[in-house]
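For reference, the chains in residue letters:
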Amino acid sequence: MLRVKNVSAYYGNIQVLRRVTFHVNKGEIVSLIGGNGAGKSTLLNVISGLHPPSAGTIFFERQEIHKLAPDKMVRLGLLQVPEQRQIFNSMTVTENLELGSYSLPKKEQKRMAKSQRQEIYALFPILQERAQQRAGTLSGGEQQMLSIGRALMARPRMLLLDEPSLGLAPLVAQEILEVTCKLRDNGTTVLLVEQNAQTALEICDRAYVLEAGRIVLEGTPHELLANDEVRRAFLGKDYKEKWER
Amino acid sequence: MIWSQLPQFFVSGLTSGSIYALIALGFGIIHNATGIVNFAQGEFVMLGAMTMISLTQVVGLPLLVAFPLAVLAVMAVGWLMEIGPIRRARSNNILILVMITVGASITMRETAMHIWGKTPRTLPPFSGEEPLVLGNAAILPQTLWILGITLLVVILLGFFFNRTMVGKAMRAVAENRRGAALIGIGVYRMTLLSFVLSGGIGAVAGIIVTPITTMSYSAGVMLALKGFAAAILGGYGSMKGAVLGGLLLGAMESFGAGFVSSAYKDAFAFLILLLVLFIRPAGLFGKEEIKRV
């Protein structure tokens, strides 16, 4: 569904992505794990059209998308739920969700808005309770839910989730990951970027490891969990454990 | 006795305050969509008035036809300004974009000088010149037009920003550009719309004020500065602030001129501007920058 080929990107003179190649199949949850500064968020921003790649190509289904503006991506059904949520703090939860459907044709907006909001409230019941509250007054977890809900209003075929569990209480993070699985089961393809490899590997079908702007490993969660490098770097299990075995 | 003139000061303050409010709204709309200060806002005002003068006095169109045409013409100018220099700059650098608006302002002013010459021109009042006497205040019919049309513009803008999807999308861009882009709001289209809208509002201000003052090719500069001061006073970027800042500035100017000396009328606006910047830079309704860490 999404194919990224040899993509490089720079911030000024600093090369952040080095010939990154990977793909996501329809109906999969694919995780992209990597430490701070590995280039994960940059990669998502390149895919979303917020940051132009210096080289490489990106295909969404059969369409070349690496030269399109962000709003065109949304119309194709490719939505990013950004890190830091980026919701509209001074607007109510309802207004935030309403704006989520901005990219849909006017007629559908009117016709579908209510039933679609209900679907999102079914996924995240707490948002219904907060419907008339300003988004800025929500807790971190609720804001994350709103951010995902807002993206879902555009009826995406593929979601790019940027560290959805960052800074959340474990239970809330768990809830969000469960919803991610639900979305996949309902036919949405997901690219999940995570620093927290443990949780990401729990729910994904395949994963890639990004390090210093390069894809260094790929495999099923099972394969990666068995990999010493991954265990050392991301799961906090150091060599000692192996030695003493 | 000067106290008996209070109502008169109040009325004239409200009148010029309305104009400042409209100009401040124009500043605010572009600021919210782009983050820049549009120095050509005053020229939008001037162009609106000048186009109206030509349409009524040279072409001979009736008021009701010429008014919307003149507004549309200036909207087109705003449109050209955005799709031309602003977009071509391909820059997000605020300073570069602001300098472009300064350039656009000078260009419009000089072009206007060549088209309409240097002598100030005026429009006849929309309906009669017989003032309404209300207690101690004489109210010109044009004053009522100014207040009424300003009120109408404010109500329409309120409806646009709070009830329509496009208006909400513009607010979304103002609040969080990244977030807006990521849900499919075309930030460029919103920028374009903000210039068109500001052009239209500026033109309305110019057209309704000209019958009680006059308009010349360079009159936009002073009007823009007053509108800018009003916007700062209300809190730059706040719509509510723009309206109240405008009215307050108009009133203070009028009372200042009445009680102290009308020679310092213009100085009051800038004195207020400086005071606000010293004491409360965020203005009356502006948000102080609070960042959660």
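Given the structure is predicted, the values throughout are model-derived calculations rather than measurements. (Residues numbered from 1 in each chain as written. Chains lettered and ligands numbered in written order. Predicted model: local features only at pLDDT ≥ 70, side-chain atom pairs only at ≥ 80, totals over all residues. Heavy atoms only, no water.)

Asker: What is the right way to read the overall build of chain A from this model?
Answerer: Per the secondary structure count, chain A includes 11 helices and 10 strands. Rg of the C-alpha trace for chain A: 18 Å, near the compact-globule value of 18 Å for 245 residues, within the 12% margin. Considering only C-alpha atoms, chain A reaches an extent of 60 × 40 × 35 Å along its principal axes. Within the span of chain A, comprising 245 residues, buried residues form 53% of the whole. Intrachain contacts of chain A at a sequence separation of at least 6 include 68% that bridge at least 24 residues. Measuring between centres, the 32 positive side-chain charges of chain A sit 7 Å from its 27 negative side-chain charges. (Helix = DSSP H or I, 4+ residues; strand = E, 2+ residues; numbered from the N terminus. Rg over C-alpha atoms; globule rule 2.2 N^0.38 Å. Buried < 20%, exposed > 50% of the residue type's maximum accessible area, 1.4 Å probe, protein only. Contact = heavy atoms within 4.5 Å. Lys, Arg positive; Asp, Glu negative; His and termini not counted. Charge placed at Lys NZ, Arg CZ, Asp CG, Glu CD.)

Asker: Hey, could you run me through the sheet that holds strand β4 (residues 55-60) of chain A in this one?
Answerer: Whether parallel or antiparallel, the strands of a sheet pair through hydrogen bonds between backbone atoms. All names here are of chain A. The antiparallel open sheet is built from 4 strands, whose spatial order is β2-β1-β4-β5. Both outer strands of the open sheet, β2 (14-24) and β5 (63-64), are each paired with one neighbouring strand and no more. Bridging between strand β1 (residues 2-11) and β2 involves 7 bridges; their strand directions are antiparallel. Among the inter-strand pairings, Val7 is bridged to a residue of β2, identified as Val20. (Pairing = 2+ DSSP bridges.)

Asker: Explain the layout of surface pockets to me, please; I cannot follow it from the model alone.
Answerer: Empty pockets left among the atoms are what a rolling probe the size of a water molecule brings to light. Size it by volume and the second largest pocket reaches roughly 1100 Å³. Elements that contribute at least two residues to the lining of the second largest pocket include exactly α2 (70-76) of chain A together with α3 (63-88), α4 (94-116), α7 (177-182) and α8 (187-209) of chain B. In terms of residue count, α3 of chain B provides more of the lining of the second largest pocket than any other element does, 5 residues in total. In terms of residue class, the lining of the second largest pocket is made up of 12 nonpolar, 9 polar and 9 charged. (1 Å grid on protein atoms, 1.4 Å probe; cavity = no way out; pocket = protein on both sides within 12 Å on 5 of 7 lines; lining within 4 Å. Points joined across faces, edges and corners; volume = space filled by probe spheres on them. Nonpolar A, V, L, I, M, F, W, Y, C, P; charged D, E, K, R; others polar.)

Asker: Before we go on, may I ask you to explain the domain arrangement of chain A in this structure?
Answerer: A common measure of how large an interface is: the accessible area buried when the components associate. All names here are of chain A. Its domain assignment divides chain A into domain 1 (2-77 + 156-243) and domain 2 (86-155). The distance between the C-alpha centroids of domain 1 and domain 2 comes to 24 Å. Facing 15 residues of domain 1, the contacting portion of domain 2 comprises 13 residues. Carbon and sulfur atoms supply 76% of the area buried between domain 1 and domain 2, which totals about 1200 Å² over both sides. Linking domain 1 with domain 2 are 0 salt bridges. Run the count over domain 1 and domain 2 and you get 0 residue pairs in polar contact (both at pLDDT 80 or more). Sorting the residues of the side of domain 1 that touches domain 2 by element identifies α2, β7 (158-162) and α7 (170-185) as the ones contributing at least two each. (Domains from an automatic or database assignment. Buried area = accessible area lost by both parts, 1.4 Å probe. Salt bridge = Lys/Arg side-chain N within 4 Å of Asp/Glu carboxyl O. Polar contact = N/O pair within 3.5 Å; in protein donor to acceptor, adjacent residues only side chain to side chain.)

Asker: Honestly, a nonpolar patch on the surface in this entry has me stumped. Any pointers?
Answerer: Together, Leu271, Leu274, Leu275, Leu277, Phe278 and Ile279 of chain B give the surface a local cluster of nonpolar side chains, amounting to about 650 Å² of exposed area. When you line up the elements, Leu271 of chain B lands in helix α11 (residues 265-279). (Patch = residues over 30% accessible without salt bridge, like charges linked within 9 Å, V, L, I, M, F, W, Y side chains within 5 Å. Areas by Shrake-Rupley, 256 points an atom, 1.4 Å probe, with all protein chains shown as cover.)

Asker: Looking at this model, I keep getting lost on empty space enclosed by the protein. Mind explaining?
Answerer: Throughout the structure, instances matching the rule amount to 2 cavities of 30 Å³ or more. By volume, the second largest cavity is sized at about 40 Å³. Elements represented by at least two residues in the lining of the second largest cavity include exactly α2 of chain A together with α8 of chain B.

Asker: Sorry, what's going on with the pairing of β1 of chain A here?
Answerer: Along any regular strand the residues' side chains alternate between the sheet's two faces. Residue and element names in this part refer to chain A. Once β1 ends, the chain turns through 2 residues before running back antiparallel as β2, passing Gly12 with a positive phi of about 60°. Relative to β4, β1 runs antiparallel, the two being bridged by 5 bridges. Across the sheet, residue Ser8 finds its bridge partner in β4, namely Ala55.

Asker: Teacher, can you tell me more about the confidence of the model for chain B here?
Answerer: Predicted coordinates in areas of low pLDDT are best not read in detail. In the predicted model, chain B carries a mean pLDDT of 91, and the fraction of residues at 70 or more is 97%. In the model of chain B, strand β1 (residues 132-134) of chain B stands out as the element of lowest mean pLDDT, 85, in contrast to helix α2 (residues 41-58) of chain B, which has the highest, 96. (pLDDT = per-residue confidence, 0-100.)

Asker: For this particular structure, what's the right way to read the side chain of Glu28 of chain A?
Answerer: Residues and elements named next belong to chain A. Looking at where Glu28 falls in the secondary structure, it is placed in the loop between β2 and β3 (29-33). For Glu28, a relative accessible area of 11% corresponds to the buried category. Side-chain polar atoms of Glu28 contact the side chain of Arg206, separated by 2.7 Å. For Glu28, the residues in contact, after removing those within four places along its chain, are Arg184, Thr189, Val190, Asp205 and Arg206.

Asker: How should the interface of chain B and chain A be read in this particular structure?
Answerer: Contacts between chain B and chain A engage 18 residues on the former and 26 residues on the latter. Together chain B and chain A conceal approximately 2100 Å² of surface at their shared face, both sides included; 59% is due to carbon and sulfur atoms. Contact with chain A buries surface across chain B, with Met165, Leu182 and Ile183 of chain B losing the most and accounting together for 34% of the total. With its nearest N and O atoms 3.9 Å apart, the salt bridge here joins Arg171 of chain B to Glu95 of chain A. Elements that contribute at least two residues to the side of chain B that touches chain A include exactly α6 (165-175) and α7 of chain B. Counting residues per element, the side of chain B that touches chain A draws most heavily on α6 of chain B, which supplies 6 residues. Each residue belonging to the side of chain B that touches chain A can be placed in one class, and the counts come to 9 nonpolar, 4 polar and 5 charged.

Asker: Would you mind showing me how to read α6 of chain B here?
Answerer: An α-helix turns once per 3.6 residues; consequently, residues spaced three or four apart project the same way. Residues of α6 of chain B that are buried: Met165, Gly167, Lys168, Ala169, Met170, Ala172 and Val173 of chain B. As for α6 of chain B, its buried residues are in contact with α3 (93-100) and α4 (106-123) of chain A together with α1 (6-34), α5 (141-163), α7 and α8 of chain B.

Asker: Any chance you could explain the packing of α1 of chain B against helix α10 (residues 239-259) of chain B here in plain terms?
Answerer: Helix packing geometry: the angle between the two helix axes and the distance between the axes. Residue and element names in this part refer to chain B. Direction vectors running N to C along α1 and α10 enclose 145°, while the axes themselves pass 6 Å from each other. For the element pair α1 and α10, the recorded crossing hand is right-handed. Residues of the contact of α1 with α10, tallied by class, amount to 17 nonpolar, 11 polar and 1 charged. (Axes fitted to C-alpha atoms, helices over the stretch in contact; angles between N-to-C directions. Left-handed = near helix turned anticlockwise from the far one by under 90°.)

Asker: Would you take a moment to explain the packing of aromatic side chains for this structure?
Answerer: Here a ring pair, both rings aromatic, is described through the centre-centre distance and the interplanar angle of the planes. Under the defined criterion, the tally for this structure stands at 10 aromatic pairs over all chains. Considering the side-chain rings of Phe67 of chain B and Phe126 of chain B, the 6.1 Å spacing of their centres and the 65° angle between planes classify their relative orientation as edge-to-face. Taken as a pair, Phe67 of chain B in helix α3 and Phe126 of chain B in the loop between α4 and β1 lie far apart in primary sequence, 59 residues in all. A relative accessible area of 17% means that Phe67 of chain B is categorised as buried. In textbook terms, an aromatic cluster arises when at least three aromatic residues are bridged by ring pairs, as seen for Phe9, Phe255 and Phe259 of chain B. Lying across the ring of Phe59 of chain A, Arg3 of chain A places its NZ or CZ 5.1 Å from the centre. We note Arg150 of chain A situated over the ring of Phe88 of chain A; from NZ or CZ to the ring centre the distance is 4.8 Å. (Phe/Tyr/Trp six-rings, centres within 6.5 Å; stacked < 30°, edge-to-face > 60°. Lys NZ or Arg CZ within 6 Å of the ring centre and 35° of its normal.)

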